[in-house]
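If you want the building blocks of each chain, they are given just below.
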Amino acid sequence: MVKIAPSLLASDFTNIEAEIKRIEAAGADILHLDVMDGHFVPNLTFGIPIIKQIKNICSIPLDVHLMVTNPEDYIEDLAKIGVEYICIHQETVFHLHRQISVIKDFGIKAGVALNPATAIETIFPIIEQLDFVLIMSVNPGFGGQKFLPLVYDKIKKLQEYATTKNTNIEIEIDGGVNNTNAKLLEEAGADILVAGSYVFGNSNYKNQINSLK
Ligand code: DX5
Ligand code: ZN
């Protein structure tokens, strides 16, 4: 079954602990954390000190989505915190293979995130090195944007290529996920659905997560 990863970005930041407890109780599988630097994306969120505190109170795996121009500077600190997933944007690093190796050497699930305009084929040469691929279904930087259907074709191509390589890779979709596209995304081959505004946009988080599942 598809895993649901609510994005903390859409939560009430004046009550983060309560929000995390509620989202866990509602059946979230993973907590998605959007780190934005105001350079790679035109928005700022949070960084290492806050993720460290979140780890202390959160019992589900943490999935850190690094939307920063210098992701290499965050890996060691995130490893010390003990996060479970890290993805770095294909568009932000010169040496993707090297950076993915660094993440994997820490024993963390390593992924590459792709902007809508970045071709899925750009990660094919290193597919066997990856644990997951995060395919953006909006332009990164903000929650609450409209879903871009161009991801279906990317999921299909990735699935087909992974099959020819006999490699097991998780496919995560991020942006504009809701109860009208979740089923189609799962049928296309998505394994993890990130959902911010859809899950936090209604006070009954359990219903929202269940309706995605
Ligand atoms: C956008 C972030 C997403 C965002 C998703 O840059 O990567 O994780 O929080 O929010 P929704 O589900 O509202 O599009
Ligand atoms: Zn994200």
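The rules behind these values
- Residues numbered from 1 in each chain as written.
- Chains lettered and ligands numbered in written order.
- Predicted model: local features only at pLDDT ≥ 70, side-chain atom pairs only at ≥ 80, totals over all residues.
- Heavy atoms only, no water.
- Salt bridge = Lys/Arg side-chain N within 4 Å of Asp/Glu carboxyl O.
- Helix = DSSP H or I, 4+ residues; strand = E, 2+ residues; numbered from the N terminus.
- Buried < 20%, exposed > 50% of the residue type's maximum accessible area, 1.4 Å probe, protein only.
- Donors = N, O, S within 2.8 Å, 3.2 Å for Na, K, Ca; no water.
- Tetrahedral: all angles 85-135°; square planar, octahedral: opposite > 155°, others 65-115°.
- Near = heavy atom within 4 Å.
- Polar contact = N/O pair within 3.5 Å; in protein donor to acceptor, adjacent residues only side chain to side chain.
- 1 Å grid on protein atoms, 1.4 Å probe; cavity = no way out; pocket = protein on both sides within 12 Å on 5 of 7 lines; lining within 4 Å.
- Sits in = over half its atoms within 2 Å of the grid points.
- Nonpolar A, V, L, I, M, F, W, Y, C, P; charged D, E, K, R; others polar.
- Points joined across faces, edges and corners; volume = space filled by probe spheres on them.
- Phe/Tyr/Trp six-rings, centres within 6.5 Å; stacked < 30°, edge-to-face > 60°.
- Lys NZ or Arg CZ within 6 Å of the ring centre and 35° of its normal.

1. Remarks on the pattern of salt bridges
Tallying each qualifying case throughout the model produces 12 salt bridges. Among the salt bridges present, the one from E170 reaches K109, with a minimum N-O distance of 3.8 Å. Taken together, the residues E170 in strand β7 (residues 170–174) and K109 in strand β5 (residues 109–114) connect sequence positions 61 residues apart. In this structure E170 comes out as buried when scored by relative accessible area, which is 16%. Here K157 makes a salt bridge to E121, at a shortest N to O gap of 3.8 Å.

2. Thoughts on the coordination of the zinc ion (ligand 2)
For a metal bound by four donors in tetrahedral geometry, the ideal donor-metal-donor angle is 109.5 degrees, whereas six donors in octahedral geometry ideally sit at 90 or 180 degrees. At 2.1 to 2.3 Å from the zinc ion (ligand 2) lie its protein donor atoms, namely H32 (NE2), D34 (OD), H65 (ND1) and D174 (OD). Around the zinc ion (ligand 2), the 6 donor atoms sit at angles spanning 71 to 171°, and that spread fits a shape best called octahedral. For the zinc ion (ligand 2), the single-chain donor residues occur in sequence as H-x1-D-x30-H-x108-D. For the pair shown, H32 and D34 are each scored as buried.

3. Some details on the site of ligand 1
Around ligand 1, the surrounding shell holds 20 residues, and the nearest of these are G141, G144, D174, G196 and S197. H65 is positioned with one of its side-chain polar atoms (N or O) 3.2 Å from an oxygen atom of ligand 1. A majority-of-atoms criterion places ligand 1 in the largest pocket. Only β2 (31–36), β3 (62–67) and β8 (192–195) provide two or more residues apiece to the shell around ligand 1. In terms of residue count, β2 provides more of the shell around ligand 1 than any other element does, 3 residues in total. Taken together, the residues that form the shell around ligand 1 break down as 8 nonpolar, 10 polar and 2 charged.

4. Some thoughts on the layout of surface pockets
Put simply, the largest pocket is a space of about 290 Å³. When contributions to the lining of the largest pocket are tallied by element, the ones reaching two or more residues are β2, β3, β8 and α7 (197–200). In terms of residue class, the lining of the largest pocket is built from 12 nonpolar, 12 polar and 2 charged.

5. Some words on the packing of aromatic side chains
Throughout the structure, instances matching the rule amount to 5 aromatic pairs. Look at Y85 and F132: their rings are 5.4 Å apart centre to centre, the planes differ by 80°, and that puts the pair in the edge-to-face class. With Y85 in strand β4 (residues 85–89) and F132 in strand β6 (residues 132–136), this residue pair connects regions lying 47 residues apart in the sequence. If you follow R22 out to its NZ or CZ, it ends over the ring of Y205, 3.9 Å from the centre.

Note that every value here comes from positions in space, so none of it alone points to a role or purpose.
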